[in-house]
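So you can see what is in the structure, the chains are spelled out below.
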Amino acid sequence: MEITELVKHHNGFDSFNPMQKKAIDAGALEKSVVVSSPTASGKTVVAELASLNSILKNKKKVVYTCPLRALASEHSADFKSKYSKELGIKTVLSTGDFDSAGKYLSQKDIIFTTYEKLNSLLNHRADWLSEIGLLVVDEIHSIGSDRGATLEMLITKLRFLNKNIQVLGLSATIPNAKDLASWLDSELVESDYRPVELREGIFLEDSIDFGE
C-alpha cells in the first residue's frame with residue numbers, strides 16, 4: 001500500500017485536506033519543508049506521511065522533537081497506536097535522563113523527544129544520531145523564544161552530522177516563515193485552512209456577541 005493510502009486508512013478519512021495536499025505537492029515526503037498553518041489544520045498527518053516514508057521507504061530513523069514532554073508523549077502514543085503493531089515500527093518516547101547517550105535508542109525507528117533531551121543526546125555524542133533521515137520539529141516558531149538558542153543549535157548540529165537530513169518544521173505561527181525556510185534550505189507551505197471557522201466575539205452573561 002502506498003504511504004499516502006496507508007496514512008488515510010489509519011486516520012479514517014478518504015482524502016487529504018487542502019493544507020495537507022499542498023504540503024504533499026511541495027514534496028513533504030522527501031524534501032525539507034516548513035509548514036505554517038492554523039492549529040488543528042492537520043499538520044501532524046504531514047509528519048506521519050514524512051515519517052513513514054523515511055522509515056519504510058528510505059530505511060532511515062526519525063526524530064520527532066517538540067517543546068513539551070506532554071506533547072511528545074501525546075504524539076508518541078498516537079503514532080504507536082496507529083502504526084507500530086501493524087507495520088512493526090519501533091516507536092519510543094525519550095524525555096528524561098539527561099546524563100545518558102541513550103544507546104538503546106539506536107534500535108528504534110522513531111523517537112519522540114523534547115528539544116532539551118535531543119540537545120542532551122547531541123552533547124553526549126550518541127552515535128546513532130548520524131543515522132537520522134528525518135527531523136520533525138514541532139512548534140518550530142519556538143526558535144524565536146527563550147529556548148530558541150537550544151533549538152537553533154540542535155538543528156544546526158544535526159544538519160552538520162547528516163548532510164542529507166530532511167527537516168520538517170511545523171508551526172501555527174511563524175512571523176518570519178520565509179527566512180526560516182531559507183535557513184533550512186526548505187520549501188515553504190503556508191495555508192490558512194481551518195477545519196472549523198474562526199470567529200471573534202465577546203462573551204458576556206452566558207452569551208457571545210459576534211457583532212452581527
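Residues numbered from 1 in each chain as written. Predicted model: local features only at pLDDT ≥ 70, side-chain atom pairs only at ≥ 80, totals over all residues. Heavy atoms only, no water.

**Q** Residues and numbers for the packing of helix 2 (residues 18–25) against helix 3 (residues 43–57), please.
**A** With their axes 9 Å apart at the nearest point, helix 2 and helix 3 run at an angle of 30° to one another. Judged by the sense of rotation from one axis to the other, the crossing of helix 2 with helix 3 is right-handed. Contacts between helix 2 and helix 3 involve M19, Q20, A23 and I24 on the former and, on the latter, K43, V45, V46 and L49. (Axes fitted to C-alpha atoms, helices over the stretch in contact; angles between N-to-C directions. Helix = DSSP H or I, 4+ residues; strand = E, 2+ residues; numbered from the N terminus. Left-handed = near helix turned anticlockwise from the far one by under 90°. Contact = heavy atoms within 4.5 Å.)

**Q** Explain the packing of aromatic side chains residue by residue, including any values.
**A** Under the criterion given, the structure shown has four aromatic pairs. Ring centres 4.9 Å apart and planes at 50° place the aromatic pair F79 and Y83 in the tilted group. Taken together, the positions of F79 and Y83, both in helix 4 (residues 69–87) and four residues apart, correspond to about one turn of that helix. You can call Y83 buried: its relative accessible area is 0%. Look at F79 and F112: their rings are 5.9 Å apart centre to centre, the planes differ by 55°, and that puts the pair in the tilted class. Placement of the pair is F79 in helix 4 and F112 in strand 4 (residues 110–114), with a sequence separation of 33 residues. For the pair shown, F79 and F112 are each scored as buried. One aromatic cluster is present, built from ring pairs that chain together Y64, F79, Y83 and F112. (Phe/Tyr/Trp six-rings, centres within 6.5 Å; stacked < 30°, edge-to-face > 60°. Buried < 20%, exposed > 50% of the residue type's maximum accessible area, 1.4 Å probe, protein only.)

**Q** Any chance you could break down the nonpolar core for me, citing the residues and the numbers?
**A** Among the nonpolar cores identified, the biggest contains 30 residues, and V7, V35, L52, V136 and L168 are the most heavily contacted of them. When near neighbours in sequence (up to four residues on either side) are disregarded, V35 contacts M19, A23, K43, L168, G169, L170, S171, I174 and V189. Judged by nonpolar contacts, the second largest core, of 27 residues, contains V63, V137, V167 and I174. (Core = buried A, V, L, I, M, F, W, Y, C linked by side-chain atoms within 4.5 Å.)

**Q** Describe unusual backbone geometry, listing the residues and the values that go with them.
**A** One non-glycine residue with positive phi stands out, namely K59, at about 60°. Among the structural elements, K59 can be located in the loop between helix 3 and strand 2 (61–66). Of note in this structure, E139 is not a glycine but carries a positive phi near 55°. Mapped onto the elements, E139 comes out in the loop between strand 5 (132–138) and helix 6 (148–161). The exposure class assigned to E139 is partly exposed, which follows from its relative accessible area of 26%.

**Q** Which residues make up the packing of helix 1 (residues 3–11) against helix 3, and what are the values?
**A** Where helix 1 contacts helix 3, the axes come no closer than 10 Å and their chain directions differ by 130°. Between helix 1 and helix 3, the angle falls in the class oblique. Like other packed secondary-structure pairs, helix 1 and helix 3 cross with a definite hand, here right-handed. Across the interface between the two elements, I3, T4, L6, V7 and N11 of helix 1 pack against V45, E48, L49, L52, N53 and L56 of helix 3. Its residues assigned to classes, the contact of helix 1 with helix 3 shows seven nonpolar, three polar and one charged. (Parallel < 35°, antiparallel > 145°, perpendicular 65-115°, else oblique. Nonpolar A, V, L, I, M, F, W, Y, C, P; charged D, E, K, R; others polar.)

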